[in-house]
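# Summary of the model geometry
Here is how the chains run, residue by residue.
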Amino acid sequence: KQWYQRRVRGNTIVDNVIYKGLFGEMEGNLGKVGVWGYYSLADQGTFNKKSCEAVPGICDRIEDAKFPHLDKVYVSLLYPESATWSHTAPDNTKLSVILPVAGSTKLRIADTTVVISEDTVVIDPSFEKEFVNEEQDAAVVLVISVAHPGTI
């Protein structure tokens, strides 16, 4: 049942955000090959009501989950056959909770590679990482950035 509900929410994001062209290109020129896009839902813990209207129920569910010290929330889109450059966050004050929405993508952190397709992944973005989508479909993930527990 959870998988089905996730796919229904995923289809809502894909239909309402991707197909309506609401994605912007990720800042910082991190796209190595192809396109890496994003759609911001919250910044500095404040949800953008207009952005949230495009994904009914998603922002409400995140607010209801009461993530401690919420920072950013965004939908990340990696087009087919796309990859990012290796990159790091400037410090280790945050954790990124990555929830798969549609498709699958590979995430390499240091010497470890995981496939993000069904399970939630939590990472410290200060470690060197890169995302690769070798599939024929777009990979869409929901990223929730929170304060690192060691900094609270």
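Residues numbered from 1 in each chain as written. Predicted model: local features only at pLDDT ≥ 70, side-chain atom pairs only at ≥ 80, totals over all residues. Heavy atoms only, no water.

### Topic: the overall build of the protein
Put simply, the rule reads: Every helix listed is a DSSP run of H or I at least four residues long, and every strand listed is a run of E at least two residues long, numbered separately from the N terminus. Three labels apply to residues, based on accessible area from a 1.4 Å probe with only protein chains included: buried if under 20% of the type maximum, exposed if over 50%, partly exposed otherwise in between. We call two residues in contact when some of their heavy atoms are within 4.5 Å. Per-residue accessibility takes into account occlusion by the displayed protein chains alone, with areas from the Shrake-Rupley method and a 1.4 Å probe.
Looking only at helices and strands, the protein has 3 helices and 12 strands in total. Counting all 152 residues of the protein, 40% fall into the buried class. Long-range pairs, those at least 24 residues apart, make up 74% of the contacts in the protein between residues at least 6 apart in sequence. When the accessible surface of the protein is totalled, it reaches about 8,800 Å², and 50% of it is carbon and sulfur.

### Quick look at the pattern of salt bridges
What counts, and what does not: We count a salt bridge whenever a side-chain nitrogen from Lys or Arg sits within 4 Å of a carboxyl oxygen from Asp or Glu.
The full count for this structure, using the stated rule, is 4 salt bridges. For Lys 72, the salt bridge goes to Asp 43, with nearest N and O atoms at 3.1 Å. Here the residue Lys 72 occupies a position in strand E5 (residues 70–78), and Asp 43 occupies one in strand E3 (residues 36–43), the gap between them amounting to 29 residues. Its relative accessible area of 36% is what places Lys 72 among the partly exposed residues. Here Asp 43 falls in the partly exposed class, since its relative accessible area comes to 39%. With a shortest N-O distance of 3.0 Å, Glu 130 and Arg 108 are connected by a salt bridge. Here Glu 130, found in strand E11 (residues 129–133), pairs with Arg 108, found in strand E8 (residues 105–109); they are 22 residues apart in sequence, far enough to count as distant. With respect to class, Glu 130 is no different from Arg 108; both count as buried. Each of Arg 108, Glu 128 and Glu 130 takes part in salt bridges that share partners, so that together they form one network.

### Digging into the nonpolar core
For clarity, the cut-off: Here, the term nonpolar core denotes a set of buried Ala, Val, Leu, Ile, Met, Phe, Trp, Tyr and Cys residues that are joined through side-chain atoms within 4.5 Å.
Leu 41, Phe 47, Ile 62, Val 73, Leu 142 and Ile 144 are the most contacted members of the largest nonpolar core, which totals 22 residues. When contributions to this core are tallied by element, the ones reaching two or more residues are E3, helix H3 (58–65), E5, strand E7 (94–102) and strand E12 (139–147). One finds Ile 98, Leu 107, Ala 139 and Val 143 within the second-largest nonpolar core, a separate group that totals 11 residues.

### Some words on the state of the cysteines
Our working definition: Whenever a pair of cysteine sulfur atoms sits within 2.5 Å, that pair is classed as a disulfide.
Considering all chains together, one arrives at 1 disulfide under this definition. Residue pairing for Cys 52: its cysteine sulfur links by disulfide to Cys 59, the two sulfurs lying 2.0 Å apart. Because the torsion about its S-S bond is -85°, the bridge between Cys 52 and Cys 59 counts as left-handed. In this pair, the class of Cys 52 matches that of Cys 59, namely buried.

### Considerations on the environment of Leu 107
In this fold, Leu 107 is placed in strand E8. For the pair formed by Leu 107 and Ala 83, sequence separation is 24 residues and the distance between their alpha carbons is 9.9 Å. When neighbours within four sequence positions are excluded, Leu 107 is seen to be in contact with Ile 98, Thr 112, Thr 113, Val 114, Ile 116, Val 121, Ile 123, Lys 129, Glu 130 and Phe 131.

### With respect to the packing of aromatic side chains
Here is the rule we go by: Stacked, edge-to-face and tilted labels apply to pairs of Phe, Tyr and Trp rings (six-membered ring for Trp) whose centres lie within 6.5 Å, assigned for plane angles under 30 degrees, over 60, and everything in between, in that order.
Enumeration over the complete set of coordinates arrives at 1 aromatic pair. With 6.0 Å between their ring centres and 40° between their planes, Trp 36 and Phe 131 make a pair best called tilted. In this pair, Trp 36 is assigned in strand E3 and Phe 131 in strand E11, connecting sequence segments 95 residues apart. A relative accessible area of 11% means that Phe 131 is categorised as buried.

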